[in-house]
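Each chain, letter by letter, is given below.
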Amino acid sequence: MNTLPLPWQRQLAEAFSNVTDLCRYLELDPAQLPLLPDYKEFPLRVPRGFVDCMEKANPCDPLLRQVLPVRDELVLYPGYSHDPVGDLNAMTATGVIHKYHGRVLLICTGGCAVNCRYCFRKHFPYGDQQLSRQKLQQALAYISARPEITEVILSGGDPLLLNDDKLGLLLDAVSAIPHVRRIRIHSRIPVVLPARITAELLQIFSDTPQKVVLVLHANHANELSQEVAKACADLTRHTVTLLNQSVLLKGVNDDSQSLLQLHEKLFDCGILPYYLHCLDRASGLGHFEVPEAQALSLMQSLREQLPGYLVPKLVKEQAGAAHKIRLG
Ligand SMILES: *Cc1c(COP(=O)(O)O)cnc(C)c1O
Ligand code: SF4
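For clarity, every value in this text was computed on a predicted model and none was experimentally measured.

Peer 1: What exactly am I supposed to notice about the environment of Leu214 here?
Peer 2: Along the chain, Leu214 turns up in strand β6 (residues 211–216). Using a relative accessible area of 0% as the deciding quantity, one classes Leu214 as buried. In this structure, the C-alpha to C-alpha distance between Leu214 and Pro190, residues 24 residues apart in sequence, is 9.5 Å. Excluding its chain neighbours within four sequence positions, the residues that come into contact with Leu214 are Leu160, Ile185, Ser187, Pro190, Leu235, Val240, Thr241, Leu242 and Leu243.

Peer 1: Explain the site of ligand 1 here, please?
Peer 2: Taken together, Ile97, Lys99, Tyr100, Arg103, Leu105, Ile153, Arg184, Tyr274, Tyr275, Glu317 and Lys324 make up all the residues around ligand 1. A distance of 2.7 Å is found between an oxygen atom of ligand 1 and a side-chain nitrogen or oxygen belonging to Tyr274. One nitrogen or oxygen atom from the side chain of Lys324 is found 3.1 Å from an oxygen atom belonging to ligand 1. Bound to the protein, ligand 1 loses 91% of the 390 Å² it would expose on its own. Breaking the shell around ligand 1 down by element, the ones donating at least two residues are β2 (96–100), β3 (103–107) and β8 (272–277). Sort the elements by how many residues they give to the shell around ligand 1 and β2 lands first, with 3 residues. Across the shell around ligand 1, the residue classes tally to 6 nonpolar, no polar and 5 charged.

Peer 1: Would you take a moment to explain the UniProt feature "domain: Radical SAM core" (unreviewed entry) in the protein chain for this structure?
Peer 2: Annotation from UniProt places "domain: Radical SAM core" (unreviewed entry) at residues 98–310. Helix makes up 36% of residues 98–310 and strand 17%, whereas the separation of the span's terminal C-alpha atoms amounts to 29 Å.

Peer 1: Before we go on, may I ask you to explain the packing of aromatic side chains in this structure?
Peer 2: Geometry of an aromatic ring pair is reported as the spacing of the ring centres plus the angle between the planes. Summed over the entire model, instances satisfying the criterion amount to 6 aromatic pairs. Considering the side-chain rings of Tyr274 and Tyr275, the 3.9 Å spacing of their centres and the 20 degrees angle between planes classify their relative orientation as stacked. A relative accessible area of 14% means that Tyr275 is categorised as buried. In this arrangement the basic side chain of Lys56 is found over the ring face of Tyr25, its NZ or CZ atom lying 4.7 Å from the centre. Positioned over the ring face of Tyr142 is Arg146, at 3.7 Å from the centre of the ring.

Peer 1: Could you clarify how one ought to interpret the site of ligand 2 in this entry?
Peer 2: By nearness alone, every residue bordering ligand 2 is listed as Cys112, Val114, Cys116, Cys119, Arg188 and His217. Taken together, the residues of the shell around ligand 2 sort by class into 4 nonpolar, 1 polar and 1 charged.

Peer 1: Looking at this model, I keep getting lost on the pairing of β3. Mind explaining?
Peer 2: For a regular strand, side-chain orientation follows a simple rule: the groups alternate between the two sheet faces. Most of β3 sits inside the fold, with 4 of its 5 residues counted as buried. In this structure, β2 lies alongside β3, joined through 3 bridges in antiparallel fashion. Note on β3: the bridge partner recorded for Val96 is Leu106. Here β2 folds back onto β3, and the loop between the two strands holds 2 residues, one of which, Gly102, carries a positive phi near 80 degrees. Pairing of β3 with strand β4 (residues 151–155), which is carried by 5 bridges, proceeds in the parallel orientation. What sits directly across from Leu106, in β4, is Leu154. A crossover links β3 with its parallel partner β4, the connecting element being helix α5 (residues 133–144), and its sense is right-handed.

Peer 1: Would you take a moment to explain the pairing of β6 for this structure?
Peer 2: Of all 6 residues in β6, 5 are buried; the element is thus mostly enclosed. As defined by bridge partners, strand β5 (residues 182–186) adjoins β6 across 5 bridges and the pair is classed as parallel. Paired with Arg184 across the two strands is Val213, which belongs to β6. For the handedness criterion, the β-α-β arrangement of β6, helix α9 (residues 226–237) and strand β7 (residues 241–247) is classed as right-handed.

Peer 1: Just to check I follow, could you spell out the domain arrangement of the protein chain for this structure?
Peer 2: A common way to state how big an interface is: give the accessible area lost once the parts meet. In terms of domains, the protein chain is made up of domain 1 (8–74) and domain 2 (88–326). Taken over C-alpha atoms, the centre of domain 1 sits 23 Å from the centre of domain 2. In this assembly, 23 residues from domain 1 lie in contact with 30 residues from domain 2. A combined buried area of about 2400 Å² lies between domain 1 and domain 2, and 61% of that area is made up of carbon and sulfur atoms. On the domain 1 side of the contact with domain 2, Trp8, Phe42 and Gln66 bury the most area, a combined 34% of that side's loss. Inspection of the region where domain 1 meets domain 2 yields 2 salt bridges. Of the charged contacts, one joins Lys122 and Glu73 as a salt bridge, the two residues approaching to 3.4 Å between their closest N and O atoms. Where domain 1 meets domain 2, there are 13 residue pairs in polar contact (both at pLDDT 80 or more). Of all the secondary structure elements, the ones that give two or more residues to the side of domain 1 that touches domain 2 are α1 (8–13) and α4 (64–67).

Peer 1: Please clarify how the packing of helix α10 (residues 256–268) against helix α11 (residues 292–305) should be interpreted in this entry.
Peer 2: The relative placement of two packed helices is expressed as an angle between their axes plus a distance between the axes. Two numbers describe how α10 lies on α11: the axes approach to 10 Å, and their chain directions differ by 50 degrees. Relative to α11, the element α10 is oriented oblique. As α10 runs across α11, the sense of the crossing is right-handed. Note on element contacts: α11 touches α10 through Leu298, Ser301, Leu302 and Gln305, opposite Ser256, Leu259, Leu260 and His263. Per-class residue counts for the contact of α10 with α11 are 4 nonpolar, 4 polar and no charged.

What counts, and at which threshold
- Residues numbered from 1 in each chain as written.
- Chains lettered and ligands numbered in written order.
- Predicted model: local features only at pLDDT ≥ 70, side-chain atom pairs only at ≥ 80, totals over all residues.
- Heavy atoms only, no water.
- Helix = DSSP H or I, 4+ residues; strand = E, 2+ residues; numbered from the N terminus.
- Buried < 20%, exposed > 50% of the residue type's maximum accessible area, 1.4 Å probe, protein only.
- Contact = heavy atoms within 4.5 Å.
- Near = heavy atom within 4 Å.
- Polar contact = N/O pair within 3.5 Å; in protein donor to acceptor, adjacent residues only side chain to side chain.
- Areas by Shrake-Rupley, 256 points an atom, 1.4 Å probe, with all protein chains shown as cover.
- Nonpolar A, V, L, I, M, F, W, Y, C, P; charged D, E, K, R; others polar.
- UniProt positions renumbered as here; feature names shortened; annotations may be inferred.
- Phe/Tyr/Trp six-rings, centres within 6.5 Å; stacked < 30°, edge-to-face > 60°.
- Lys NZ or Arg CZ within 6 Å of the ring centre and 35° of its normal.
- Pairing = 2+ DSSP bridges.
- Right-handed = clockwise from strand over helix to strand, strands pointing away.
- Domains from an automatic or database assignment.
- Buried area = accessible area lost by both parts, 1.4 Å probe.
- Salt bridge = Lys/Arg side-chain N within 4 Å of Asp/Glu carboxyl O.
- Axes fitted to C-alpha atoms, helices over the stretch in contact; angles between N-to-C directions.
- Parallel < 35°, antiparallel > 145°, perpendicular 65-115°, else oblique.
- Left-handed = near helix turned anticlockwise from the far one by under 90°.

Structure, rendered in structure tokens:
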């Protein structure tokens, strides 16, 4: 048997994109699941490596719940909307979200390697915010003209979905701005598609003069496979600082045991916890919400059981606020 891992582009192309195939692979009967009949608008997308971290024949698997389109998404909850965190009001140029002092966020692509059902940018108008060559020049000019911007955050979508050429050019252009001291990348790819962390990509990070901070996004310990641990070790060796943010999700990680195991295992992989986010109230996500009182008591149990440096900050995003709101 050939055991060489496929290159990441092949793995991406071979990701599961329909529920029938996914159910067959996981030995689940689709007729027994409360499936969303039509999920074309926000398709199913999940790389095989991530599926291999799921337990077969378990309809409640915490990783499966993050990617399976279910009928609950059609339920309307009060207070849920298409732009829950006020992204659109904070767009100061095409592809540029400037909400917080000193930090500016670039929407690098609308695509992701995985489609998370709880995504708060599910309804984001990516088509209108594409950074064409010309729009990118305008975004860079926006940053260059504001010496108070010391950190550029690459986001999306998932910035590591860009190929090496595009990402290299983008990092070169951003790092050429003298007042930019840090470049931060928010990505779920090291977790869901660790093959993306190639020698070429590591070289691009090494060649970037600024500090590179990679904020990963893992929600459950089962996501952190050996391949993920290896990718993290490679990144750390190339002086990338690894942090993690999770979203607190009902049925995924809303119990103290899951959160404990996640944070222990993150540190085993050389990743420090950063944020534990309360769910952003985007339409179709209500079934994932964990009540605030429960969130606070989960945090208390983490504080009682973990060293301080492994306790994430519980935060929520509030449209119009000057920073994320800390709870507890
Ligand atoms: C979360 C976020 C940031 C970064 O905030 P930190 O608290 O520094 O992590 C920056 N810009 C936008 C638009 C954000 O949503
Ligand atoms: S990887 Fe991030 S941006 Fe992409 S679907 Fe998941 S939560 Fe949303």
